[in-house]
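So the chains spell out like this:
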Amino acid sequence: MAVSNTTTLASLLPEIVAEAIFTANERSLMRALVRNFTIPAGSGVTIKVPVYPVTAAAALTEGVAPTALAVDTGSKSITVGEVGMTAVISDLAMIGSSSNVVADIGGQFGRGIAQKIDEDLCALFDGFATELGGATTALTPALIFEAIATLRKSNVPASDLACVIHPEIAYDLKSGLTNTFAQPNSGMNSQVMQDSYIGNISGVNIYESSAMGIATRVSKGALFHKDALGLAMMKDISIETQRESTQRSDTLTATAVYGVGELIDLYGVELHNQTSLT
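To keep things clear, this report deals only with the structure shown in the data block.

## Quick word on the overall build of the protein
In terms of helices and strands, the protein carries six helices and twelve strands. Long-range pairs, those at least 24 residues apart, make up 82% of the contacts in the protein between residues at least 6 apart in sequence. Counting every atom, the protein has about 14,500 Å² of accessible surface; 53% of that belongs to carbon and sulfur.

## Thoughts on unusual backbone geometry
Positioned with a positive phi, aspartate 160 is a non-glycine residue whose angle comes to about 60°. Topologically, aspartate 160 is positioned in the loop between helix H4 (141-152) and strand E6 (161-165). Unusually for a residue other than glycine, arginine 248 sits at a positive phi of about 55°. For arginine 248, a relative accessible area of 52% translates into the label exposed.

## Focus on the sheet that holds strand E11 (residues 249-262)
One open sheet accounts for four strands, arranged E1-E10-E11-E4; its pairing is mixed. The sheet is open, and its two edges are formed by strand E1 (35-38) and strand E4 (81-90), each paired on a single side. Within the sheet, the average angular offset between the axes of one strand and its neighbour, ignoring direction, is 30°. Bridge count for strand E10 (residues 229-244) against E11 is 13 bridges, and the pairing is antiparallel. For isoleucine 239, the partnering residue across the bridge sits in E11 and is alanine 254.

## A word on the environment of aspartate 195
Residue position: aspartate 195 is located in helix H6 (residues 191-196). Expressed as a C-alpha distance, the spacing of aspartate 195 and tyrosine 207, which sit twelve residues apart in the sequence, is 8.8 Å.

## Some thoughts on the sheet that holds E6
What holds strands together in a sheet is hydrogen bonding between their backbones, with the strands either parallel or antiparallel. The mixed open sheet is built from six strands, whose spatial order is E5-E12-E9-E6-E8-E7. Strand pairing shows two members of the sheet lacking a second neighbour, strand E5 (131-133) and strand E7 (197-201), which therefore form its edges. For this sheet, the mean angle separating the axes of adjacent strands, direction not counted, is 20°. Examined bridge by bridge, E7 and strand E8 (residues 204-208) share four bridges and lie antiparallel to one another. Opposite tyrosine 197, over in E8, you have tyrosine 207 as the bridge partner. Set on the sheet, H4 makes contact with E5, E6, E7, E8, strand E9 (218-225) and strand E12 (268-274); between it and E12 the angle comes to about 160°.

## Let's talk about the packing of aromatic side chains
All told, the structure shown has three aromatic pairs when counted by the stated rule. Aromatic pair phenylalanine 125 and phenylalanine 128: ring centres 6.4 Å apart, planes at 20°, arrangement stacked. Across this residue pair, the class does not change: phenylalanine 125 and phenylalanine 128 are buried. Seen in terms of ring centroids, phenylalanine 125 and phenylalanine 224 are 5.5 Å apart; in terms of plane orientation they differ by 40°. Their pairing is tilted. Remark: phenylalanine 224 occurs in strand E9 and phenylalanine 125 occurs in the loop between helix H3 (101-122) and E5; sequence separation between them is 99 residues. Classification of phenylalanine 125 as buried rests on a relative accessible area of 0%.

Rules and cut-offs
- Residues numbered from 1 in each chain as written.
- Predicted model: local features only at pLDDT ≥ 70, side-chain atom pairs only at ≥ 80, totals over all residues.
- Heavy atoms only, no water.
- Helix = DSSP H or I, 4+ residues; strand = E, 2+ residues; numbered from the N terminus.
- Contact = heavy atoms within 4.5 Å.
- Areas by Shrake-Rupley, 256 points an atom, 1.4 Å probe, with all protein chains shown as cover.
- Buried < 20%, exposed > 50% of the residue type's maximum accessible area, 1.4 Å probe, protein only.
- Pairing = 2+ DSSP bridges.
- Axes fitted to C-alpha atoms, helices over the stretch in contact; angles between N-to-C directions.
- Phe/Tyr/Trp six-rings, centres within 6.5 Å; stacked < 30°, edge-to-face > 60°.

This is the structure we're talking about:
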C-alpha cells in the first residue's frame, strides 16, 4: 500500500490564493481610499483615465439660447507593472507544522502585496503641487484645517476626503488633542482601516501608516480626495508553484499586476512634517 506523508502544495493553491487576496484587500489601507480601475486582459499595459474640467452655469436671457461650452476632456495615463514575492516551503515544514499552512502562506503573500500597493500610492503624495508644513514643522490640527480649506476653496467635494500620515508624525497630532478627537470607527469596511484609524477632524478621517516611510524624523503624508489618486488593477494576486524534488521543497511565487498614478492634482495636499520623537 502506498503511503503519503506530505501534502502537495499544488492541491492547496486555490485556498492559498483566496487567503492571499482576502488578506491583501483587508490589509491595504490606501486601496480603499483612492479611485480603483480594472484593466481587462489584452488591453495593453497603459490605461487612460478621462479627467473632466470644472464647468460653470451662467444666467440665461429669456428667448436666447445659452452659449455652448466646449468640454475638453483631458486624460491621465497609468502604466501597470508586475510586483511579486517568493517563498520556499520544505516538505519537513509542511509535515511538522502545527499551524494552518494555507493561512500562513496566503496571509504572508497578501500582506506583502498590500504593503507594496500602499507604498506605491503613498509615494505619490510628494507629487502634489500644494505642500503645507515643512521639514521642521510638527503636524497640528491647524495644518489639517488649512489643508481642508485649501481643497474646499478649489471646490473639491467634502465627501471622500481622507488624511494618511506616518505614525511618528501622528504622535504630535494626537498628543495635542483631547480625547474628543477620537471617534468610533464603525462602518469601516476593512480591518486595516479600523486598525489605522486615529480619529476624525472636521469630517475627515485621519489614518496612520508606515507605508510612506520616514527619514531624519521627516515624513510626507497627505490629505486628499478619493479622485486625487488612482489604482489600476490588471491582475490581482496569483500564485504559481514549482516542485524542487532534489531539495524536497516547493517554491511558491505570488504576483500581481497593477499601476498607480495621480489623477487630479488639485484634489490633494501634501503634509510635510517633522516628528518631535527622537
